[in-house]
Amino acid sequence: MQGLQDPEPLPGPIYTSPISAVFLKHRYPQLADCIRTLDLGTTPIDMPTGSNPTHLTVTTLPAGHCPGSVMFLFETERDRKILYTGDFRLSPKDLRSLLPLQSITLHVLYLDTTFFNRTYTYFPSQSESLAKIVQLTKEWLDRDPRNVISFRLPALYGSEFLFIELARQLQQRIHVNDQEAQQYRYLASLDDAISSAGGSRIHACLRTSNANYRKLPCQPELDTKFVRVLRPSALRWRNLKQGESYCWRLRKNEEEFGICYSNHASCGELEDFLRYLRPEEVRFNVVPKEDAAVEMTKLVEEICPREEDDREELVDREEFSFAGIQYRKCPEKSKTRVLR
């Protein structure tokens with residue numbers, strides 16, 4: 001979100017999802033009049049580009065990264081189709097949204113390449129990671145009525161789905177600090193999931209600070225021996241394979257655990273995504289270091305070779321696989337490009 005705090009007026013409106021609009025208006029109230037919201041689906045937009053306005057069709061698709069995150073499919077008057085994923089990780093319920101992309105030729109794909117590296121081929125699903133977090137939380141809270149959980153989170157936003165599911169399954173709200181509570185107060189989905197008041201035994205009130213996560217500012221008198229720290233993240237989980245443990249005790253004899261939990265697609269999921277869409281051109285949203293772009297380009301060429309391949313053909317398919325999940329399509333058959 002570069003430049004939004006600048007005093008100069010914006011050259012045009014900002015189009016965003018309704019939930020993202022809430023975050024933006026709260027953080028940058030001076031932009032409120034510039035924000036336009038787009039619901040999921042297709043919207044025609046006239047872009048003021050001088051005497052000859054450009055007509056654009058924009059389709060928003062769920063991205064699954066955090067509340068309000070969407071992918072944008074742009075279709076121009078010249079029939080150019082461009083998909084910008086932003087940060088994304090699709091869940092099984094989001095897969096139906098991909099179906100409209102099957103029948104089109106995608107010219108350019110701007111891809112979330114946060115983990116586009118084969119050292120990150122596999123991540124457990126968010127539901128699997130959440131089940132482990134619930135288990136670690138419930139086990140600790142049941143052991144002693146004085147015990148509490150403290151989350152060490154990797155980013156300011158992106159853990160909202162975790163809060164919602166954890167609160168629903170354990171029937172306890174997650175304590176957040178006043179600043180976070182203010183930013184979440186307009187999101188109805190979080191009404192029963194978070195609290196800035198005392199009394200909770202599950203805490204995310206330190207968020208991304210470098211403070212001692214075993215010392216809670218809301219309960220400074222609490223002995224740290226009663227605090228179990230949970231660190232959901234993905235960056236440390238290189239070369240994880242399906243079937244291996246995705247939960248580690250981080251320090252011997254200490255109540256601090258790392259759990260593989262990702263809001264970004266794994267490399268394996270990105271490969272499935274590319275094979276499914278077969279874009280003509282791929283551009284990288286995230287390039288972590290200079291030589292990474294070269295390696296990512298080679299990986300794209302391996303996954304989606306430019307030249308026609310004898311193994312590639314158009315066939316009738318009733319199902320497709322995405323991230324290891326078999327998804328059954330609607331009864332109507334459609335032509336799907338698959339890689340044998």
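Residues numbered from 1 in each chain as written. Predicted model: local features only at pLDDT ≥ 70, side-chain atom pairs only at ≥ 80, totals over all residues. Heavy atoms only, no water.

Asks: Hey, could you run me through the pairing of strand 12 (residues 227-233) in this one?
Replies: As a general feature of sheets, a regular strand has side chains that alternate between the two faces. Across the seven residues of strand 12, seven count as buried, placing the element largely inside the fold. Neither face of strand 12 is exposed, since V227, V229, R231 and S233 on one face and R228, L230 and P232 on the opposite face are all buried. Relative to strand 14 (residues 256-260), strand 12 is paired through five bridges, and the arrangement is parallel. Note that in strand 14 the partner of S233 across the bridge is C260. (Buried < 20%, exposed > 50% of the residue type's maximum accessible area, 1.4 Å probe, protein only. Helix = DSSP H or I, 4+ residues; strand = E, 2+ residues; numbered from the N terminus. Pairing = 2+ DSSP bridges.)

Asks: Can you walk me through the nonpolar core in this structure?
Replies: One broad rule of soluble globular proteins: the nonpolar side chains tend to lie buried together. Counting 30 residues, the largest nonpolar core has F151, F163 and L166 as its most contacted members. Among the elements of the structure, helix 2 (126-143), strand 8 (148-151), helix 3 (160-170), helix 4 (178-184) and strand 14 are those that each provide at least two residues to this core. Considering every element that reaches this core, the biggest residue donor is helix 2, with six residues. Apart from residues lying up to four places away in sequence, L166 is in contact with L130, I133, V134, T137, F151, Q171, I174 and I202. Of all hydrophobic cores here, the second largest spans 29 residues; its members include L61, M71, F88 and Y276. (Core = buried A, V, L, I, M, F, W, Y, C linked by side-chain atoms within 4.5 Å. Contact = heavy atoms within 4.5 Å.)

Asks: Looking at this structure, I do not really get the sheet that holds strand 5 (residues 70-76). What am I missing?
Replies: Working definition: the strands of a sheet are paired by backbone hydrogen bonds and lie parallel or antiparallel to each other. Strand order across the open sheet formed by six strands is 3-4-5-6-7-15, with mixed pairing between neighbours. At either margin of the open sheet sits one strand with a lone partner, and together these are strand 3 (41-47) and strand 15 (281-284). Strand-to-strand, the axes of this sheet are offset by a mean angle of 20°, without reference to chain direction. With seven bridges connecting them, strand 4 (residues 54-62) and strand 5 associate as antiparallel partners. Looking across to strand 5, one finds that L61 is bridged to M71. The strands that helix 5 (residues 267-277) touches are strand 5, strand 6 (81-84), strand 7 (108-111) and strand 15; relative to strand 7, the one it contacts most, it runs at about 170°. (Axes fitted to C-alpha atoms, helices over the stretch in contact; angles between N-to-C directions.)

Asks: Explain the packing of aromatic side chains to me, please; I cannot follow it from the model alone.
Replies: Any aromatic ring pair is given by two values, namely how distant the centres are and how the planes are angled relative to each other. Tallying each qualifying case throughout the model produces eight aromatic pairs. Centre to centre, the rings of F115 and Y120 are 4.8 Å apart; their planes meet at 65°, and the pair counts as edge-to-face. A centroid spacing of 6.5 Å and a plane angle of 40° characterise the contact between F116 and F284, whose relative ring orientation is tilted. Pair noted here: F116 is in the loop between strand 7 and helix 2 and F284 is in strand 15, with a separation of 168 residues, a long-range link. Exposure remark for F284: the relative accessible area of 22% places this residue in the partly exposed category. Here the aromatic residues F115, Y120 and F123 are joined through ring pairs into a cluster of three or more. (Phe/Tyr/Trp six-rings, centres within 6.5 Å; stacked < 30°, edge-to-face > 60°.)

Asks: Honestly, the packing of helix 2 against helix 3 in this entry has me stumped. Any pointers?
Replies: The axes of two packed helices give the description: the angle between them and the distance between them. Here helix 2 crosses helix 3 at 50°, and the two axes come no closer than 11 Å. Classed by the angle they form, the pair helix 2 and helix 3 counts as oblique. Crossing geometry of helix 2 relative to helix 3 is assigned as right-handed. Listed contacts from helix 3 to L130, I133, V134, T137 and K138 of helix 2 are L162, E165, L166, Q169 and L170. (Parallel < 35°, antiparallel > 145°, perpendicular 65-115°, else oblique. Left-handed = near helix turned anticlockwise from the far one by under 90°.)

Asks: What am I meant to see in the layout of surface pockets here?
Replies: In this approach the atoms are scanned with a rolling probe the size of a water molecule, which exposes any empty space left behind. By volume, the second largest pocket is sized at about 1,000 Å³. Considering the residues around the second largest pocket, the lining is formed by 44 residues, among which R89, L90, S91, P92 and Q126 are closest to the centre. Listing elements by their share of the lining of the second largest pocket, those giving two or more residues are helix 1 (18-27), strand 4, helix 2, helix 3 and helix 5. Among the elements that line the lining of the second largest pocket, the one with the most residues is helix 2, at four residues. Classifying every residue of the lining of the second largest pocket gives 22 nonpolar, 14 polar and eight charged. (1 Å grid on protein atoms, 1.4 Å probe; cavity = no way out; pocket = protein on both sides within 12 Å on 5 of 7 lines; lining within 4 Å. Points joined across faces, edges and corners; volume = space filled by probe spheres on them. Nonpolar A, V, L, I, M, F, W, Y, C, P; charged D, E, K, R; others polar.)

Asks: Whenever I open this one, the environment of R78 confuses me. Can you help?
Replies: Positionally, R78 belongs in the loop between strand 5 and strand 6. Taking the C-alpha atoms as reference points, R78 and L56, separated by 22 residues in sequence, lie 9.7 Å from one another.

Asks: Teacher, can you tell me more about helix 2 here?
Replies: Structurally, the α-helix is built with 3.6 residues per turn, so residues lying three or four positions apart point the same way. Compared with the 26 Å implied by 1.5 Å per residue over 18 residues, the 26 Å span of helix 2 between its first and last C-alpha is a close match. Regarding helix 2, the residues found buried are Q126, S129, L130, I133, V134, L136, T137, W140 and L141. In an axial view of helix 2, the angular spread of the buried residues amounts to 170°, which keeps them on one side of the axis. For helix 2, exposure combined with an orientation more than 90 degrees from the buried face picks out S127, D142 and R143. In this structure, the buried residues of helix 2 make contact with strand 8, helix 3, strand 11 (202-203), strand 12, strand 13 (247-249) and strand 14. (Expected span 1.5 Å × (residues − 1). Arc of directions from axis to C-beta.)

Asks: Would you mind showing me how to read the pattern of salt bridges here?
Replies: In a structure, side chains of opposite charge can pair up when their charged atoms sit close to one another. Considering all chains together, one arrives at 17 salt bridges under this definition. Taking the shortest distance from any N to any O, the salt bridge between D144 and R146 comes out at 3.0 Å. Several salt bridges share partner residues, and in doing so they unite E139, R143, R228, R249 and E255 into one network. (Salt bridge = Lys/Arg side-chain N within 4 Å of Asp/Glu carboxyl O.)

Asks: Help me understand the sheet that holds strand 9 (residues 174-175), please; the structure alone is not making it clear to me.
Replies: Read across the open sheet, the seven strands follow the order 10-9-11-8-12-14-13; overall the sheet is mixed. Only two strands of the sheet have a single neighbouring strand rather than two, namely strand 10 (194-195) and strand 13. Each of strand 8, strand 11, strand 12, strand 13 and strand 14 touches helix 2; the most contacted strand, strand 12, lies at about 175° to it.

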